[in-house]
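Examining the three-dimensional arrangement
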Amino acid sequence: MHRPLRLTIDRSAIQSNWRWLADRAGVAAGAAVKADGYGVGARETTETLLHAGCRDFFVSTWAEAEALGDLPSDGGLVVLHGVGPDDGEAALRVAARPCLNSAEQVARWKQIAPSRSCDVMIDTGMNRLGLRPTEIGALEGLSIDTLHSHLACADEDSSLNQMQLERFRAVASAVSAKRYALANSAGIGLGKDYSFDLVRPGISLYGGVQRPEFEGHIRQVVRVEAQVVQRRLIPAGESCGYGATFIAKQDVEAAILNIGYADGYLRGFSSHGSAFAGEFALPVLGRVSMDLIAVEVDAAPQLKEGDWVEIDYDLPSASRQSGLSQYELLTTLGSRFERRWV
Ligand SMILES: *Cc1c(COP(=O)(O)O)cnc(C)c1O
C-alpha cells in the first residue's frame, strides 16, 4: 500500500560522517546504534558501517544486541547497560560483551562468565553509570577489552571536560585493558587528547552537528517528506488549526500536509517549523496537529494535492526551530514513514 510519508536515509552520508569522525579522532571509531540506531534503523546502520570498516558497535540492552548479534562477526558488539540481575541468561546466549557499570555488575560477571572478556565503564564525573575511580580494586582478575568513560558536557566548553580527561588518564594508568575510550561525537571535537584508542560517536553519524568544528563536514542523513492533502485559502482575519493561534493578516494560501506529532513532528514546530518546495521556504502556520500541519504556500502557486514537500529536518536547523535536541528529533520519528535507504 502507498505510504504517504517518506524518510530517506542516505547510506553514503552515514559512511562519510563516520570516516570524517574517525579521521578527526585519528584512532579507530565505533558506532552507537542503540535505540534502533537513534530511530534511523540499527540493522541497516550497522551493515552500512561494517562496509565502511567500522568494527565496534554499541547498544543499550541485550535485546538490542540480540537483534544485531548475527552481524559483527568478531565480537565487536557491546551492551552499555551491562549485566543486570535478569540478564544472565541473555549474556550467555548472545554474542556481545557487557560494559560493566558497578561493583555489583563486576561481581555478577565474575560469577556468570569469569573468563569471558568484558568492557568496563568508569564514572569520571557524570554520575550516571560507571564505577568510581576509588572502586577499581574490584576489577582485579577481569579480562577487560575496553575501559570506557563518558563525557557529560563535550558539546560545551566546560571545565568538566578537562577534569574528566585527567581523571580518566589517572584511572587508565592504573587499570590494564586492551583499549581505552572516552569520546562520544562531541568529544571527538575536543581534540585528539580525548581519542585514546577508540571513539564512540553516535549522533554525528546520523547528521548531528554537536560542535562548531563539525559544521560543513557532517552531512545530513535523514530527509523527511510529506504529501499535500489539500490546498486552501485562509481568508484575511480567519484562523488556522487548533487554538486558532495563527490568524491571517491578509488572504493566505495554505497547504495542509499529512504529518504531525504522532510522526514525531512535535508541537515545538508550531509556528516555527518550515518545509521546502524547491528553493521556496514554506513556514508552518499555527499548531502542529496529531496527523496534519498547515504551511504557507504563497511562494509556490503550482503546489497541489498529492505533491511531495520536504520538511526542513536538517538536525541543527530543526533543533533551533523546535527546541528539541538533535537526538530527540531522530528518536521520536514515528512508524508511518516509508523508510527508504539510498
Ligand atoms: C550514546 C552513547 C554514545 C554516543 O553519544 P553521542 O553523543 O550520540 O555521540 C557514546 N558513549 C556512550 C556511553 C553512550 O551512551
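Rules behind the numbers
Residues numbered from 1 in each chain as written. Predicted model: local features only at pLDDT ≥ 70, side-chain atom pairs only at ≥ 80, totals over all residues. Heavy atoms only, no water. Salt bridge = Lys/Arg side-chain N within 4 Å of Asp/Glu carboxyl O. Helix = DSSP H or I, 4+ residues; strand = E, 2+ residues; numbered from the N terminus. Buried < 20%, exposed > 50% of the residue type's maximum accessible area, 1.4 Å probe, protein only. 1 Å grid on protein atoms, 1.4 Å probe; cavity = no way out; pocket = protein on both sides within 12 Å on 5 of 7 lines; lining within 4 Å. Points joined across faces, edges and corners; volume = space filled by probe spheres on them. Nonpolar A, V, L, I, M, F, W, Y, C, P; charged D, E, K, R; others polar. Polar contact = N/O pair within 3.5 Å; in protein donor to acceptor, adjacent residues only side chain to side chain. Contact = heavy atoms within 4.5 Å. Near = heavy atom within 4 Å. Areas by Shrake-Rupley, 256 points an atom, 1.4 Å probe, with all protein chains shown as cover. Sits in = over half its atoms within 2 Å of the grid points. Pairing = 2+ DSSP bridges.

Attention shifts here to the pattern of salt bridges. Counting across every chain of the model gives 18 salt bridges. The shortest N-O distance in the salt bridge between Asp145 and Arg179 comes to 3.2 Å. One end of the pair, Asp145, is in strand E8 (residues 144-149); the other, Arg179, is in strand E9 (residues 179-181), and 34 residues separate them in sequence. Judged by its relative accessible area of 9%, Asp145 is buried. A residue is classified by how much of its surface remains accessible, and Arg179, at 19% relative accessible area, is buried. Overlapping salt bridges bring together Asp56, Arg97, Asp119, Asp145, Lys178 and Arg179 as one network.

So, about the layout of surface pockets. Taken as a whole, the largest pocket holds about 550 Å³ of empty space. Together, 29 residues line the largest pocket, and Lys34, Met126, Arg128, His150 and Asn184 are the ones closest to its centre. Sorting the residues of the lining of the largest pocket by element identifies helix H2 (34-38), strand E7 (118-122) and helix H8 (185-189) as the ones contributing at least two each. Among the residues making up the lining of the largest pocket, the classes are represented as 15 nonpolar, 9 polar and 5 charged. Approximately 220 Å³ is the volume found for the second largest pocket. What lines the second largest pocket is a set of 16 residues, and nearest its centre among them are Arg232, Cys240, Gly241, Ile256 and Ala294. Looking at the lining of the second largest pocket, the elements that each hand over two or more residues are strand E11 (222-234), strand E12 (239-240) and strand E17 (293-296).

The topology assignment puts His150 in the loop between E8 and helix H7 (159-174). Separated by 3.1 Å, the side chains of His150 and Arg200 make a polar contact. Other than its neighbours up to four places away in sequence, His150 contacts Met121, Ile122, Thr124, Met126, Arg128, Gln164, Leu182, Asn184 and Arg200.

Turning our eyes to something else, we now look at the site of the ligand. Around the ligand there are 14 residues in total, and Lys34, Tyr38, Ser185, Arg200 and Tyr327 lie nearest to it. Between the ligand and Ser185, the relevant distance is 2.5 Å, taken from an oxygen atom to a side-chain nitrogen or oxygen of the residue. Relative to its free-state accessible area of 390 Å², the ligand is covered by the protein chains to the extent of 93%. Mapping the ligand onto the cavity grids shows that it belongs to the largest pocket. Of the residues that constitute the shell around the ligand, the class distribution is 7 nonpolar, 4 polar and 3 charged.

Positionally, Ser60 belongs in the loop between strand E4 (57-59) and helix H4 (62-68). Classification of Ser60 as buried rests on a relative accessible area of 14%. Expressed as a C-alpha distance, the spacing of Ser60 and His81, which sit 21 residues apart in the sequence, is 5.4 Å.

With that settled, consider the pairing of strand E18 (residues 308-311). Residues Val309 and Ile311 line the buried face of E18, whereas the alternating positions Trp308 and Glu310 sit on a face that is not buried. Looking at chain direction, E11 and E18 are connected through 4 bridges and run antiparallel. Pairing of Val224 across the sheet is with Ile311, part of E18.

Even without being glycine, Asp36 reaches a positive phi, approximately 50°. You can see Asp36 is positioned in helix H2. Within the chain, Phe196 stands out as a residue other than glycine whose phi angle is a positive 50°. Counting through the fold element by element, Phe196 comes out in the loop between H8 and strand E10 (198-199). The exposure class of Phe196 is partly exposed, given its relative accessible area of 22%.

On their own, these measurements won't tell you what the molecule is for.
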